[in-house]
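Notes for the structure review
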Amino acid sequence: MDSKANPPAETSTKSITGAEIVIRCLNEEKVKFVFGYPGGAVLHIYDAIYKQNGFKHILVRHEQAAVHAADAFSRATGEVGVALVTSGPGATNAITGIATAYMDSIPLVVISGQVPVPAIGMDAFQEVDMVGVTRPCVKHNFLVKDVNDIASTIKKAFYIAKTGRPGPVVVDIPKDITAHIADFVYPKTVEMRSYSPVSKGHSGQIKKAVKLLLEAKRPMIYTGGGLVLGDGAEELIKLARALNYPVTNTLMGLGGYPATDKQYVGMLGMHGTYEANMAMQNCDVLLAVGARFDDRVIGNPKHFGGVKRTIIHIDVDPSSISKRVKVDVPIVGHVQSVLAEMNEILTQEKPKTNISDWWKQIGEWRLVHGGRYEQSSTVIKPQYVIEKLWEVTKGDAYVTSDVGQHQMWAAQYYKFDKPRRWINSGGLGTMGVGLPYAMGCQFADRNAQVACVTGEGSIQMNIQELSTCAQYHLPIKVILLNNRYLGMVRQWQEFFYEDRYSESYMDSLPDFVKLAESYGHVGMQITQPSDVEGALKEAFAKKDKFVFMDFITEQKENVFPMVENGKGLSEMELPKAKGAKQ
Amino acid sequence: MKHIISLLMENESGALSRVAGLFSARGYNIESLTVAATEDPTLSRMTIVTTGSDDVIEQIIKQLNKLIDVVKVLDLNDGKHIERELMLVKVKASGVFKDEMKRMCDIFRGRIIDVADNSYTIELTGSCSKLDAFIEAIDKTAILETVRTGASGIGRGDRILKV
């Protein structure tokens, strides 16, 4: 936002409408983009938007996409994402976006219109109890019933969204409140007796943790989305290098540690690398940073707990600690500050044990699977597309994904060296996020390479956003791995339902090339493995064009390794020899 | 194991639903829940009686603390405490029951607060288990209606839950 566009530091104005107050609040928060969709209950706010130039409003084609785009903007920049929707269906359309952000702890402020206060509870046109509906999937929410409360509520909303464990906050504002007049005063600070997030970790616990780490014989560092969101990557790299310990990232944590580094053992979990899962299972001291031991990460908690190891867990949210796995040394605090304090101690001390045997063991595990897949000269392998995407973009793109097999391949084969580059729905697993996520990333950085890795199932869940991309000239590259199946559903049906492919075939697909072209985008279809690299280069050379790349891939490729639901981390399925059936 | 959790939260509309919603969403038990404003009208005091393993109770406390409107949470079972519940029981008071109910009421130190032609309404306060014991002790066929408030709890002596 251009600071000249706003009055200087002045934070009070006499007698303006509630709608204007909303705009002024967003300006005070230095919001650059508001993703939204107008409607009856927010008409006053949209009128105020028309008359301002502090932020840019991005008109999406469906409210779900507005929230996803705001969410991705936040993931890419670390700033609070903002979405604006109308009451009733506008608000309920936003729910999937809000729940997605909630599961991944993304700071958002979602402003929803509401019917006028006297109409609340009357089953008015486009009325829904937004505060009630969103309660289970927000960090907090507010219904503003007095124009004098708008500014303090929005101030609180931003504060709550971005502090502590971040999350989405909904502010529901009835239409009449946006028409009422009040003096605008934006509070400088927020004081809430009921909310005071911790930042610094307990020094005694931190010392204890470092001591344990230094004495470890088979150490392991496991980091999640919290490390990325807490901007702790730099401190973690320092710590890991000082110790020379192996590091694994969760799906949400990719990029938290450079994937091309020799200490990196890959992603862990259901589709993690063999070496990461084995090291996780067999380590004697585990440092968990901003991760939550969820079911897709450690598999069966009983199996995981069957091996004795000492666990140190750093997290800003006390409720994430000892939730699924008992922790020996809990450290509640901001990951960046806790890691910095650990690094401070490590300038004086060095590991007391030689862990070369442990590294040797990990080296052996690396060879077991090593991300191998069977290459083909006749049909495009999805993994190959991602490998080439990494090469062509020099590992420096923002990569968004939808949910399913393509998501796992993107996570496995694109080597993320920087945090905030891998943007996916890890917790809720929301199909349809890929394209709006790519929009959010492209707004975050207009010159960046943005790739949306998707499937033909997922992309159709928010395909209407091709129109938004055209309107704002977003040069996104869609990498569609088109296998004509809901691939992950099909894989599970192959493994666990004796090949009964119930409703997992995607029939009646559009001609994606023509579809893209109809919006004024570039469409490409790639069917030969030999064309993959050239096509990617051609697409990314079109720096100002949205390119939709329809890769016709192997239909029944499976994602490996795989830890079956309910199994332990070390009980991975690996691909059988050529031609063999699982 | 049964735990009595006391909490102070902002006295705002929807506050109760946040707590109730948390318990149902995460599958925690609620045996009883009582809430009313405190001497400071901006604060509500809630007493929740729940059951669960130590791990579950730990999670409940953490999750309650995580609610933005919650100011303080205390597991009363962590120390000495007092619990009291109020029960109103309407019982048959005709024939053999007339004297029997009066006698049982006296034994449990209840009070008859309404007398009708064929029934008494007895007011009884005490710990949840005392109220249970009363119900156990009287003839089931005499009970016409019961209503209980759920427990309110407070720490003994210096244990004070205040902002």
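Presented here is a report on the structure given in the accompanying data block.

What counts and what doesn't
- Each chain has its residues counted from 1, running along the sequence as written.
- Numbering of ligands from 1 and lettering of chains from A proceed in the order in which they are written.
- Two thresholds apply to this predicted model, a pLDDT of at least 70 for residue-level local features and 80 or more for giving and counting side-chain atom pairs, whereas whole-chain, interface and lining totals are computed over all residues.
- Hydrogen atoms and water are omitted, and side-chain values are computed over all heavy atoms in the structure.
- Each helix is a run of DSSP H or I of at least 4 residues and each strand a run of E of at least 2, with the numbering of both proceeding from the N terminus.
- Burial classification: accessible surface area is computed with a 1.4 Å probe over protein chains only, and a residue below 20% of its type maximum counts as buried, one above 50% as exposed, and the rest as partly exposed.
- Working rule for contacts: check all heavy atoms of both residues, and any pair within 4.5 Å makes them a contact.
- Buried area adds together the accessible area that both of two parts lose upon being put together, with accessible area traced by a 1.4 Å probe.
- Criterion for a salt bridge: a side-chain nitrogen of Lys or Arg within 4 Å of a carboxyl oxygen of Asp or Glu.
- Pairing of N or O atoms within 3.5 Å defines a polar contact, subject to two protein rules: one partner must be a possible hydrogen donor and the other a possible acceptor, and residues neighboring in sequence count only if both atoms are side-chain atoms.
- Gly falls in the polar group here, along with every residue not listed as nonpolar (Ala, Val, Leu, Ile, Met, Phe, Trp, Tyr, Cys, Pro) or charged (Asp, Glu, Lys, Arg).
- For two strands to be treated as a pair, DSSP must find at least two bridges joining them.
- An axis is simply a line fitted to the C-alpha atoms; with a helix, the fit covers only the stretch in contact. Between two such axes, the angle follows the N-to-C directions and lies from 0 to 180 degrees.
- The cut-offs work like this: below 35 degrees is roughly parallel, past 145 is roughly antiparallel, 65 to 115 is roughly perpendicular, and the gaps in between are oblique.
- Ring pairs are drawn from Phe, Tyr and Trp, using the six-membered ring of Trp, whenever the two centres fall within 6.5 Å, and their geometry is named by plane angle: stacked under 30 degrees, edge-to-face over 60, tilted for the rest.
- Each patch groups residues whose relative accessible area exceeds 30% and which form no salt bridge, using 9 Å between like charges and 5 Å between nonpolar side chains of Val, Leu, Ile, Met, Phe, Trp and Tyr.
- For the accessible areas, the method is Shrake-Rupley and the probe is 1.4 Å, while residue cover comes only from the protein chains on display.

**Points about unusual backbone geometry**
Glycine aside, a negative phi is what most residues show, and trans is what most peptide bonds show. Residues and elements named next belong to chain A. Residues Phe-560 and Pro-561 are joined by a peptide bond in cis, for which omega reads -10°. Tracing the chain through its elements places Pro-561 in the segment after strand E20 (547–552). Residues other than glycine seldom take positive phi values, yet Ser-15 does so here, at roughly 40°. Note that Ser-15 resides in strand E1 (residues 12–17). Within the chain, Glu-503 stands out as a residue other than glycine whose phi angle is a positive 60°.

**Quick word on helix H17 (residues 382–392) of chain A**
Residue and element names in this part refer to chain A. Among the 11 residues in H17, eight count as buried, and that is most of the element. Those residues of H17 lying buried are Pro-382, Gln-383, Tyr-384, Val-385, Ile-386, Lys-388, Leu-389 and Val-392. Downstream of H17 by a residue or two, Lys-394 has a phi angle that is positive, lying close to 55°.

**With respect to the environment of Ile-120 of chain A**
Residues and elements named next belong to chain A. Assignment of secondary structure puts Ile-120 in the loop between strand E5 (108–114) and helix H6 (130–134). Separated by 54 residues in sequence, Ile-120 and Pro-174 place their C-alpha atoms 8.5 Å apart. Those residues in contact with Ile-120, other than ones at most four positions away along the chain, are Gln-114, Val-115, Glu-127, Leu-143 and Pro-174.

**Regarding the interface of chain A and chain B**
Each partner contributes residues to the interface: chain A has 17 residues there, and chain B has 18 residues. Where chain A abuts chain B, roughly 1,500 Å² becomes buried across the two surfaces, and 46% of that area is made up of carbon and sulfur atoms. In terms of surface lost to chain B, no three residues of chain A exceed Arg-135, Arg-193 and Ser-194 of chain A, which account for 42% of the buried area on that side. Our count for the contact surface shared by chain A and chain B stands at five salt bridges. For Lys-326 of chain A, the salt bridge is made with Glu-58 of chain B, and the minimal N-O distance between the two is 3.6 Å. Remark: the boundary between chain A and chain B carries 10 residue pairs in polar contact (both at pLDDT 80 or more). Taken together, the residues that form the side of chain A that touches chain B break down as five nonpolar, five polar and seven charged.

**Some details on the sheet that holds strand E1 (residues 2–10) of chain B**
Either a parallel or an antiparallel arrangement is found when strands of a sheet pair, and the pairing is made through backbone hydrogen bonds. Residue and element names in this part refer to chain B. Taken together, the four strands give an open sheet; going across it, the order is E2-E3-E1-E4, and neighbouring strands pair in antiparallel fashion. Every other strand in the sheet has two partners, leaving strand E2 (32–37) and strand E4 (70–75) as the edge strands with one partner each. When the angles between neighbouring strand axes are averaged without regard to direction, this sheet yields 15°. Bridge count for E2 against strand E3 (residues 43–51) is six bridges, and the pairing is antiparallel. Looking at the pairing, Ala-36 lines up with Arg-45 of E3. Along the sheet, helix H1 (residues 15–25) contacts E1, E2 and E3; its crossing angle with E3, the most-contacted strand, is approximately 15°.

**Concerning the packing of helix H3 (residues 63–77) of chain A against helix H5 (residues 95–103) of chain A**
Residue and element names in this part refer to chain A. One way to put it is that H3 packs onto H5 with a least axis distance of 7 Å and a crossing angle of 25°. With respect to H5, the element H3 is oriented roughly parallel. Residues Gln-64, Val-67, His-68, Asp-71 and Arg-75 of H3 form the contact with H5, whose own contacting residues are Thr-96, Gly-97, Ile-98, Thr-100 and Ala-101.

**Digging into the packing of aromatic side chains**
All names here are of chain A. Overall, the coordinates contain 23 aromatic pairs over all chains when judged by the stated rule. A ring pair is formed by Phe-35 and Phe-443, whose centres lie 5.7 Å apart and whose planes are at 70°; its orientation type is edge-to-face. Note that Phe-35 is positioned in strand E2 (residues 33–36) and Phe-443 in helix H19 (residues 434–444), a separation of 408 residues in sequence. Given a relative accessible area of 4%, Phe-443 falls into the buried group.

**Looking at a nonpolar patch on the surface**
All names here are of chain B. A surface patch of nonpolar side chains, about 220 Å² in accessible area, is lined by Leu-88, Ile-113 and Val-147. Tracing the sequence through the fold places Leu-88 in strand E5 (residues 81–92). Exposure remark for Leu-88: the relative accessible area of 30% places this residue in the partly exposed category.

**Side note on the sheet that holds strand E9 (residues 219–223) of chain A**
Residue and element names in this part refer to chain A. Spatially, E11-E10-E9-E12-E13-E14 is the arrangement adopted by the six strands of the open sheet, whose pairing is parallel. Only two strands of the sheet have a single partner each, and these edge strands are strand E11 (264–267) and strand E14 (329–332). Neighbour to neighbour, the strand axes of the sheet diverge by 15° on average, direction disregarded. Note that strand E10 (residues 247–249) and E11 share two bridges and pair parallel. Bridge pairing in E11 places Asn-249 opposite Met-267. Along the sheet face, helix H11 (residues 233–243) touches E9, E10 and strand E12 (285–289) and points at about 170° away from the line of E9.

**Considerations on the side chain of Asn-277 of chain A**
All names here are of chain A. Within the secondary structure layout, Asn-277 lies in helix H12 (residues 274–282). The class for Asn-277 is buried, based on a relative accessible area of 0%. Filtering out sequence-adjacent residues up to four positions away, Asn-277 remains in contact with Leu-268, Gly-269, Gly-272, Val-563, Leu-569 and Met-572.

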